[in-house]
Amino acid sequence: MSGRKILVTGGTGYIGSHTVVELVNAGYDPVIIDNLSNSSPKIIDQIEKITGTRPEFYNFDLCDEKLTLEFLEEHRDISGIIHFAAFKSVGESEREPLKYYKNNFYPLINLLDACSDRKMDLVFSSSCTVYGEPDILPVNELAPVKKAESTYGNTKQIAEEILEEVSGVSENLKVIALRYFNPVGAHSSALIGELPIGVPQNLVPFITQAAIGKRGNIIVFGDDYNTSDGTCVRDYIHVVDLAKAHVAAIKQMENIQTVKKFDIYNIGTGRGNSVLEVIHAFESATGQKLNYTIGKRRAGDIEKIYGDVNKAEKELFWKAELGIEDMMSSAWEWEKYIKQNPL
């Protein structure tokens, strides 16, 4: 390929792999770094099957300052970074905060240091968790960032502050932080999707694993929230739509006339679905009956959140296109695929 080279950290992971596919589709030349702590090297083969292109892949940990500096020095043709590499479990972050502060900050700081002497566009994988429990819904980018409800959320807040400060004094760095909501679903080919190691921490992979017989009953964490059915409400977005948003952000930073040094966009559908609504949507889309029980509330969970995505639609020329049943049916096709073809 002859397109612009874009480094995708965590590129064999769930969102990363889908973004690599969309980068190839858009004519870019993605380069992947991943330490495979929560993914499989076979994902590279899957990306090649989908796109007909095998991306460059490097297996090392970005927490290693020396290796990160050496890599960026050897690959000076890289002019953009999409930074996914981070831990993401709210529950685990509450149990092991130091693990999250180390892994979610060291790679970012090492990358910024390593590319400080060249022009670089950076898209940061942020999260709606920075809003905490919002006062007004749908929440927009001007809403105040509240004290984080979890260590994971705090790492995203602080990372955004680091990026805003560094880009503000750098002549070379432009940053877009994408605050996305709850990514679910899988590629239409069913060749890539969410592949958590161990017990899933997110709702949809637990649903699909329960439906296929890999897990027991689904536990719904609380049914006494102030929502239509008492369960938490989230803005669920199809991972392919989310991947396309990262490509849109890279394209936006190529437009020197309009781009800011640091900017933030909500990436979601603008609609909320409760946990029980997602369960019922899965049953409707797949014909699979699910068994679930109601458990206690989970530490770090907020009651409801969904985003105002008008800014992304107007400035990035991006809009989510796939609905909740597309999300559920594609996730189920992926689950069936990996049962027959373990990665």
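This text follows the structure it describes.
Residues numbered from 1 in each chain as written. Predicted model: local features only at pLDDT ≥ 70, side-chain atom pairs only at ≥ 80, totals over all residues. Heavy atoms only, no water.

Regarding the side chain of Ser-93
Stage number 1. Summarising the element assignment, Ser-93 is placed in helix 4 (residues 90–95).
Stage number 2. At 2.7 Å, the side chain of Ser-93 forms a polar contact with the backbone oxygen of Val-90.
Stage number 3. Excluding anything up to four places from it in sequence, Ser-93 contacts Tyr-100, Ser-150, Thr-151 and Tyr-152. (Helix = DSSP H or I, 4+ residues; strand = E, 2+ residues; numbered from the N terminus. Polar contact = N/O pair within 3.5 Å; in protein donor to acceptor, adjacent residues only side chain to side chain. Contact = heavy atoms within 4.5 Å.)

Looking at the sheet that holds strand 2 (residues 29–33)
Stage number 1. Read from one edge to the other, the open sheet built from seven strands follows the order 3-2-1-4-5-6-11, with strand pairing classed as parallel. Of all the strands in the sheet, the pair left with one neighbour each is strand 3 (56–58) and strand 11 (262–267). Neighbour-to-neighbour, the strand axes of the sheet open up by a mean angle of 20 degrees, direction not taken into account.
Stage number 2. The pairing of strand 5 (residues 120–127) with strand 6 (residues 173–180) spans eight bridges and is classified as parallel. If you follow Ser-125 over to strand 6, its bridge partner there is Leu-178.
Stage number 3. Packing of helix 5 (residues 97–114) onto the sheet brings it into contact with strand 1 (5–9), strand 4 (78–83), strand 5 and strand 6, and relative to strand 4 it is tilted by some 170 degrees. (Pairing = 2+ DSSP bridges. Axes fitted to C-alpha atoms, helices over the stretch in contact; angles between N-to-C directions.)

Some points on the packing of aromatic side chains
Stage number 1. According to the stated counting rule, one finds six aromatic pairs in the structure shown.
Stage number 2. Note on Phe-87 and Tyr-100: the rings are 5.5 Å apart at their centroids and 55 degrees apart in plane angle, and the pair reads as tilted. Of this pair, Phe-87 sits in the loop between strand 4 and helix 4 while Tyr-100 is found in helix 5, placing the two residues 13 residues apart along the sequence.
Stage number 3. Among the aromatic residues, those joined into a cluster by ring pairs are Tyr-58, Phe-60 and Phe-71.
Stage number 4. A cation sits over an aromatic face here: Lys-99 above Phe-87, 4.9 Å from the ring centre.
Stage number 5. The ring of Tyr-265 has Lys-311 sitting right over it, with the charged end atom 4.7 Å from the ring centre. (Phe/Tyr/Trp six-rings, centres within 6.5 Å; stacked < 30°, edge-to-face > 60°. Lys NZ or Arg CZ within 6 Å of the ring centre and 35° of its normal.)

A short note on the pairing of strand 2
Stage number 1. Among the five residues of strand 2, five are classified as buried, and the element is accordingly described as predominantly covered.
Stage number 2. Burial along strand 2 is two-sided: Asp-29, Val-31 and Ile-33 and Pro-30 and Ile-32, pointing in opposite directions, are all buried.
Stage number 3. Relative to strand 2, strand 1 runs parallel, the two sharing five bridges. Considered in strand 2, the bridge of Thr-9 is made with Ile-33.
Stage number 4. For the crossover from strand 1 across helix 1 (residues 14–25) to strand 2, the handedness is right-handed.
Stage number 5. By the bridge criterion, three bridges tie strand 2 to strand 3 in an arrangement that is parallel. (Buried < 20%, exposed > 50% of the residue type's maximum accessible area, 1.4 Å probe, protein only. Right-handed = clockwise from strand over helix to strand, strands pointing away.)

Fair warning: the whole summary comes from geometry, so function is off the table for now.
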